[in-house]
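Observations on the three-dimensional arrangement
Each chain, written out:
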Amino acid sequence: MDSATHDKILAILGGASEMTIATVRPDGFPQATTVSYVHDGLTLYFGTAADSQKARNIALNDKVSLTVSLPYDRTEEILGLSMGARAARVTDKAEIARVGELMLKRFPEGADFGPDEADAIAIFSVKPVVISVLDYRNTIGDTELVTI
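Summarised in this report is the structure supplied together with it. (Residues numbered from 1 in each chain as written. Predicted model: local features only at pLDDT ≥ 70, side-chain atom pairs only at ≥ 80, totals over all residues. Heavy atoms only, no water.)

1. What about the overall build of the protein?
Scanning the protein for helices and strands turns up four helices and eight strands. Ordering the α and β elements of the protein from the N terminus gives α-β-β-β-β-α-β-β-α-α-β-β. Against the 2.2 N^0.38 benchmark of 15 Å for 148 residues, the protein shows a C-alpha radius of gyration of 16 Å, consistent with a compact globule. Each principal axis of the C-alpha distribution contributes one length, and for the protein these read about 50 × 35 × 30 Å. Evaluated residue by residue, the protein yields a buried proportion of 36% over its 148 residues. Put simply, of all contacts in the protein between residues at least 6 apart along the chain, 67% involve residues at least 24 apart. Carbon together with sulfur atoms contributes 53% to the accessible area of the protein, which is approximately 8400 Å² in total. (Helix = DSSP H or I, 4+ residues; strand = E, 2+ residues; numbered from the N terminus. Rg over C-alpha atoms; globule rule 2.2 N^0.38 Å. Buried < 20%, exposed > 50% of the residue type's maximum accessible area, 1.4 Å probe, protein only. Contact = heavy atoms within 4.5 Å. Areas by Shrake-Rupley, 256 points an atom, 1.4 Å probe, with all protein chains shown as cover.)

Shown next as structure tokens:
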């Protein structure tokens, strides 16, 4: 991937705070859910209840798809990402602490959570395998496919 595309991806990730992530349910159907996220480079992180359907789905199948888009008023302003990725529960204490710092910086209201709530939350990393960069500012339907 060239540096301009890499920079555009990072700008989109930095400009949005929610993604819609689709996991695979045990019955084979996708389940899409909107979650808040942070990112470190191209790796995204989100938290969810440790016993949530998302967490259970990822434990069975780590393949996920997601979308991130910046706010827009008209179709020809769409700027976003669609990714095929692998998700994994973060268990390394140092990585959890680093992600926690990223989350508090981006979502300061998270400081209101106490230790009991923190123990019930699982942190997941999402590492892209393929990214579609949508930039309808060029032409409606303009997509650049990037393999990581």
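2. Things to note about the pairing of strand β2 (residues 30-36)
Pairing of strand β1 (residues 18-24) with β2, which is carried by seven bridges, proceeds in the antiparallel orientation. Counterpart to Met-19 in the pairing with β2 is Val-35. The hairpin turn running from β1 into β2, its antiparallel successor, is five residues long, and Gly-28 in that turn takes a positive phi close to 90°. (Pairing = 2+ DSSP bridges.)

3. Some words on the side chain of Thr-48
Within the secondary structure, Thr-48 is located in strand β4 (residues 43-49). Exposure remark for Thr-48: the relative accessible area of 9% places this residue in the buried category. A polar side-chain atom of Thr-48 sits 3.1 Å from a polar atom in the side chain of Ser-52. Apart from residues lying up to four places away in sequence, Thr-48 is in contact with Lys-54, Ala-55, Ala-120, Ile-121, Ala-122 and Phe-124. (Polar contact = N/O pair within 3.5 Å; in protein donor to acceptor, adjacent residues only side chain to side chain.)

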